Amino acid sequence: MKITQISVFLENRKGRLYEVCSLLGKNKINIRALSIGETDEFGILRIVVDKPEEAVKILKSNGLVANLTDIVALEITDKPGGLAGILKILSENSINIEYMYGFIEKASDNAILVFRFEDTDRAIEILKKNKIKVIGKAEIANL
Amino acid sequence: MAINYWDKKIEIIDRAALKKLQLKLLKETVQQALKTDFYKNRLRKCGITSANDIKSLKDIEKIPFTTKDDLRECYPYGLLAVSQDDVVRLHTSSGTTGIPTVIYHTKNDLNSWSDLVARCILATGVTHKDVFQNMMTYGLFTGGLGLHYGAEKVGATVIPAGPGNTKRQLQLMKDFSTTVVHATPSYMLHIGSKLEEMGFSLKDLKLKKAYLGAEPYSENTRKKIEKLFHIDAYNSYGLSEMNGPGVAFECVYKCGMHTWEDAYILEIIDPKTGKDLPEGKEGEIVLTTLRRKATPILRYRTRDLAFIHKGLCKCHRTHRRLSRITGRTDDMLIVNGVNVFPSQIEEVLMRIPQVGNNYQIFLKKDGALDKLIIKVEIYSKMFKGDLKEIDILKETIKDELRACIVIHPSVELHEPGALPVWEGKAKRVFDERPKL
C-alpha cells in the first residue's frame, strides 16, 4: 500500500519553487501534500499529487530533476497522543523514519501523515499487523 | 652589506669558465640521458648518439624540448637513468590529466640539491645561527623537503612545521625565536592578518626574513609582507622536475633570482616559435639539469614566463638573475601554492556517473587564502530523490578531487541547464582572486 511522492531537486534560487508549482498548476495537477528538505544551496521538494506519473513526466520534460519515491500515508487520530501512538509502534519495531510530513486535507476526522521509511515493505507489514490504517493510491487520488 | 657565500668559487666564477663547465656537464648529462629509452630514441632522431655529438653549448639547440607530457609518458620508469638500487628518494607530482610524473634522486643528487639550497640560504644572509621555520608542505611536494635539507646543511635550527595551523605556527615562532620562515605569500598574508586576533604581537616574534615561493606574486605583495612583519622577503623559484626549490633564489639585494647555472642550463624561449630570446625579453623558461644522475632532463619547458635581468649583481655572483614569474603559457592554476590543471578536475568529475556534462571552476579569496569552488550540474537520470544521496554525492566529489589535486575544494550542485552553455570553447575557469 505504498503511495508515490515526487522528489524534485531544486537550486536555492529566487522563483524556482514558483516555477515548479505554476507548471503543475497549468497542467491541472493538484498538490495534496508538500515538504521541502533543504541545505544552503539546494533543496529537495517533496510533493504528493493527484496524478504522480503524469506530473513527473511534465517536470522532467521541462528540464527539472525529478523522480518518484515510495512513501506510506497513514491515518492518525486527530487528538493528543495520536502520532505518539504510531511512533511508539515504529520505535519498538526498530523502524527508521527518514522524514515525514502532513497532508493538507483530511479524509475524515483523522489526520493524514506521510512517512518515508528506510525499509518501506517492512514498515507496512508492521503497521498492518498493528491495525494502523494505511491509505492507498486510489484514496489519495480521490481526496 | 655583508655578503656570505656557501661555495664562493663557483658562485663568483667568471662567465667563460662557467660556460666551459656547463659544456662539460652538458656532455655528461647527455651521456647519462642516453641510458634511458626515452632519450636514446629521441636523441638518435636528431643525430645525437653520444656525448661527442655535443661540441659546443650552442649544440643544445639540436636537442628537442622535453615537455610535461613526455614525463607523463615515461611514468614510472622511462626516465630512470641509474639502477634502482642507487635511487634513494623519489618525488611525484600530479600530471595534467591524472597520470603523475616522477623524478628520482641518487644520494649524490640529493646532496647537490641541498648544496644549491644552502647557497640560496646563505645568499640571503641566513647562517647556522638562525632558526628556520619551514611552513611549506612536506611529502611528495618538493617545497618542504627541499628547503629543509638545505637549511640543515647550513646548520640552522630547522622547525619542520609544515603548512597550516596558524596559531601553532605563531606559538612556535614565539617559543623558539624563529628568525626565518619559508611559506607561500598568501599564507604569510594570512598569518599577518590573524596575528593579533590570536593573541600575539610583533614584539613576541624575532622574525627577520621570509622565503616566499610556490605561487606568483608581485613586488607590491613582497613590500606588503615586509611591512606587515618588519622583515626582508626573498623570492624563490623551483619546480619538482628540476628538483624543487633551489633552482633560483634572490640574494640580499633582492633584484632577481640567481639561477645556479652550474647546475642548470637556463634558456628563455619564445613559447610560440621555440627560438632563443635575448636577455631582457620575456619568454618561457627552459631548463636542463646538469648534475642529476638519476633523472637527467634536457631542455624542459617549464611553461613559466619570465625574463633574465641584464648586467651584474652587486653581490658579485655571476649566475644570471631571473625575474619574477609573470605568468604561464598553459592554463595551470596555483591554489594555495599547489599546482592544479583544470583538466585534472574535469577528469575526476567526468568519472563520477551522477555528474552531468557542465561544470565551472571558481577561484576566490577567503581572507588571504585561496578558495576553490567547483560548481557541478547533476545528471538527472541518476537522481533517486533523496537528500541524503545528494549529500553523499557532494562528499564523493570532494573526496575524489582531494585525492587527485591534493586541495580541499567546495562543491556546489546545480540543476542541469543551470550553468551557462557555451557555443564553441567553453569558459570554465573563473579566477576571481585579486592579483597578489
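Since this is a predicted model, take the numbers as computed values, not measurements.

So, how was this worked out
Residues numbered from 1 in each chain as written. Chains lettered and ligands numbered in written order. Predicted model: local features only at pLDDT ≥ 70, side-chain atom pairs only at ≥ 80, totals over all residues. Helix = DSSP H or I, 4+ residues; strand = E, 2+ residues; numbered from the N terminus. Rg over C-alpha atoms; globule rule 2.2 N^0.38 Å. Buried ≥ 20, exposed ≤ 12 C-beta atoms within 10 Å, placed from the backbone. Contact = placed C-beta atoms within 7 Å. Axes fitted to C-alpha atoms, helices over the stretch in contact; angles between N-to-C directions. Parallel < 35°, antiparallel > 145°, perpendicular 65-115°, else oblique. Left-handed = near helix turned anticlockwise from the far one by under 90°. Nonpolar A, V, L, I, M, F, W, Y, C, P; charged D, E, K, R; others polar. Domains from an automatic or database assignment. pLDDT = per-residue confidence, 0-100. Pairing = 2+ DSSP bridges. Expected span 1.5 Å × (residues − 1).

## Some thoughts on the overall build of chain A
Tallying secondary structure elements over chain A gives 5 helices and 7 strands in all. In chain A, the succession of helices and strands from N to C terminus is β-α-β-β-α-β-α-β-β-α-β-α. Against the compact-globule benchmark of 15 Å for 143 residues, chain A has a radius of gyration of 16 Å, which places it among compact chains. Here the C-alpha coordinates of chain A stretch approximately 40 × 35 × 25 Å along the principal axes. Among the 143 residues that make up chain A, the fraction classed as buried is 28%.

## Some remarks on the overall build of chain B
Tallying secondary structure elements over chain B gives 11 helices and 20 strands in all. The globule rule puts the C-alpha radius of gyration for 436 residues at 22 Å, and the 23 Å found for chain B is close to it. On the principal axes, the C-alpha backbone points of chain B span a range of 70 × 60 × 45 Å. Within the span of chain B, comprising 436 residues, buried residues form 44% of the whole. The contacts in chain B between residues at least 6 apart in sequence include a share of 68% that link residues at least 24 apart.

## Section: the packing of helix 10 (residues 342-350) of chain B against helix 11 (residues 387-405) of chain B
All names here are of chain B. Running from N to C, helix 10 and helix 11 point in directions that differ by 140°, and their axes come no closer than 10 Å. For the element pair helix 10 / helix 11, the angle class is oblique. The two elements helix 10 and helix 11 cross, and the hand of that crossing is right-handed. The residues of helix 11 that touch helix 10, namely those facing Q344, I345, V348 and L349, are I397, E400, L401, C404 and I405.

## Examining the interface of chain A and chain B
The interface of chain A with chain B comprises 11 residues on the first partner and 14 residues on the second. Contributing elements (two or more residues each) for the side of chain A that touches chain B: strand 1 (3-11), strand 3 (42-49) and strand 4 (65-76) of chain A. Considering only residue class, the side of chain A that touches chain B consists of 4 nonpolar, 5 polar and 2 charged.

## Some thoughts on the domain arrangement of chain B
Annotation of chain B at the domain level lists domain 1 (1-330) and domain 2 (338-431). For domain 1 of chain B and domain 2 of chain B, the distance between their C-alpha centroids amounts to 33 Å.

## Topic: the domain arrangement of chain A
Residues and elements named next belong to chain A. Assigned domains within chain A: domain 1 (3-70) and domain 2 (71-142). Using C-alpha coordinates to define each centre, domain 1 is positioned 22 Å away from domain 2. On the side of domain 2, 15 residues touch domain 1, which itself brings 10 residues to the contact. When residues in the side of domain 1 that touches domain 2 are grouped by element, the largest group, 4 residues, is from strand 2 (residues 31-38). For the side of domain 1 that touches domain 2, the residue count by class is 3 nonpolar, 4 polar and 3 charged.

## Notes on the confidence of the model for chain A
Per-residue pLDDT for chain A averages 89, and the proportion of residues at 70 or more is 99%. Of all the helices and strands in chain A, helix 5 (residues 137-142) of chain A carries the lowest mean pLDDT, 77, while helix 1 (residues 16-26) of chain A carries the highest, 93.

## As for the sheet that holds strand 18 (residues 369-378) of chain B
All names here are of chain B. Spatially, the 4 strands line up as an open sheet ordered 19-18-17-20, and their pairing is mixed. Both outer strands of the open sheet, strand 19 (410-414) and strand 20 (429-431), are each paired with one neighbouring strand and no more. Strand-to-strand twist of the sheet, defined as the mean angle between neighbouring strand axes without regard to direction, takes the value 20°. Each of strand 18 and strand 19 touches helix 11; the most contacted strand, strand 19, lies at about 135° to it.

## Things to note about the pairing of strand 1 of chain A
Residues and elements named next belong to chain A. Taking burial as the measure, the 9 residues of strand 1 include 7 buried ones, the bulk of the element. Sheet analysis places strand 1 next to strand 4, joined by 7 bridges and oriented antiparallel. Along strand 4, the bridge assignment pairs I6 with L68. With 6 bridges connecting them, strand 1 and strand 3 associate as antiparallel partners. Within strand 3, the position partnered with V8 by the bridge is L45.

## Some words on the packing of helix 7 (residues 166-175) of chain B against helix 8 (residues 185-194) of chain B
Residue and element names in this part refer to chain B. Running from N to C, helix 7 and helix 8 point in directions that differ by 80°, and their axes come no closer than 10 Å. One finds that helix 7 runs roughly perpendicular with respect to helix 8. Between helix 7 and helix 8, the contacting residues are T166, Q169 and L170 on the first element and H190, I191 and K194 on the second. Along the lines of polarity and charge, the residues of the contact of helix 7 with helix 8 split into 2 nonpolar, 3 polar and 1 charged.

## Some details on the environment of N96 of chain A
Residues and elements named next belong to chain A. Its location among the elements puts N96 in the loop between helix 3 (82-92) and strand 5 (97-102). A residue is classified by how many C-beta atoms lie within 10 Å of it, and N96, with 11 of them, is exposed. Sequence-distant contacts of N96, defined by excluding residues within four places in its chain, comprise F117 and E118.

## A few points about the sheet that holds strand 14 (residues 327-328) of chain B
Taken together, the 4 strands give an open sheet; going across it, the order is 10-11-12-14 (chain B), and neighbouring strands pair in antiparallel fashion. Of all strands in the sheet, those bounded by a partner on one side alone are strand 10 (264-269) and strand 14 of chain B.

## As for unusual backbone geometry
All names here are of chain B. Geometrically, the link from Y75 to P76 is a cis peptide bond, its omega value of 5° lying close to zero. One non-glycine residue with positive phi stands out, namely N165, at about 55°. N165 sits in the exposed class, given 12 other C-beta atoms within 10 Å. Phi at R299 takes a positive value of approximately 50°, unusual for a residue other than glycine. Structurally, R299 is set in the loop between strand 11 (283-289) and strand 12 (300-306). What makes R299 partly exposed here is the crowd of 19 C-beta atoms within 10 Å.

## Structural notes on helix 5 (residues 107-123) of chain B
Over its 17 residues, helix 5 of chain B runs 24 Å from end to end, which matches the ideal 24 Å to within 8%, given 1.5 Å per residue. G125 of chain B, located one to two residues past helix 5 of chain B, shows a positive phi value of around 90°.

## Focus: the environment of E38 of chain A
Within the secondary structure, E38 of chain A is located in strand 2. With 28 residues separating them along the chain, E38 of chain A and L10 of chain A place their C-alpha atoms 9.1 Å apart.

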